[in-house]
Amino acid sequence: RYPSISIRTGQQGMNIVEFFLHPNGDISELKLINSSGYSALDKNSVETIEIAYKDYPRPKSKTKIKIYVYYKLY
């Protein structure tokens, strides 16, 4: 979900989140590697990964995942 504070203040941007996904389904080294310039958007991206990773397919070996997250108001 788009953070409500970001909607009210018109915040838009792109950030990059990176982590390792393990064969047992766990993640490690979750970090923001590029900021959108807005802490609310950056925090939202990290929190979303912390919730959603449980539904990711499990790899056969430790795999680095990099996700580009775009926030745009229409």
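For the structure, see preceding data.
Now for a look at the structure at hand. (Residues numbered from 1 in each chain as written. Predicted model: local features only at pLDDT ≥ 70, side-chain atom pairs only at ≥ 80, totals over all residues. Heavy atoms only, no water.)

Residues spaced three or four apart along an α-helix point in a common direction, a consequence of the helix completing one turn every 3.6 residues. Under the 1.5 Å per step criterion, the end-to-end length of helix 2 (residues 39–52) is 20 Å for 14 residues, consistent within 8% with the ideal 20 Å. Restricting attention to buried positions, one finds in helix 2 the residues Leu41, Asp42, Asn44, Ser45 and Ile49. Buried residues of helix 2 fall within an arc of 160° about the axis and therefore sit on the same side. Away from the buried face of helix 2 by more than 90 degrees, exposed residues Ser39, Lys43 and Ile51 are located. Against the buried residues of helix 2 lie helix 1 (4–9), strand 1 (13–21), strand 2 (27–34) and strand 3 (63–71). (Helix = DSSP H or I, 4+ residues; strand = E, 2+ residues; numbered from the N terminus. Expected span 1.5 Å × (residues − 1). Buried < 20%, exposed > 50% of the residue type's maximum accessible area, 1.4 Å probe, protein only. Arc of directions from axis to C-beta. Contact = heavy atoms within 4.5 Å.)

Take the pairing of strand 2 next. Of the pairings in the sheet, the one linking strand 1 to strand 2 comprises five bridges and is antiparallel in character. Bridging across to strand 2, valine 17 finds its partner in leucine 32. Linking strand 1 to strand 2, which pair antiparallel, is a turn of five residues; within it glycine 25 sits at a positive phi near 95°. (Pairing = 2+ DSSP bridges.)

On to the sheet that holds strand 3. Strand order in the open sheet formed by three strands is 2-1-3, with antiparallel pairing between adjacent strands. Here the strands that pair on one side only, and so sit at the sheet edges, are strand 2 and strand 3. Mean inter-strand twist for the sheet, computed between neighbouring axes without regard to direction, equals 20°. One ladder, built from nine bridges, connects strand 1 with strand 3; its direction is antiparallel. When the bridges of strand 3 are listed, isoleucine 16 appears paired with tyrosine 68. (Axes fitted to C-alpha atoms, helices over the stretch in contact; angles between N-to-C directions.)

Glancing now at unusual backbone geometry. At glutamate 29, a position not held by glycine, the phi torsion is positive, near 55°. Residue placement: glutamate 29 occurs in strand 2.

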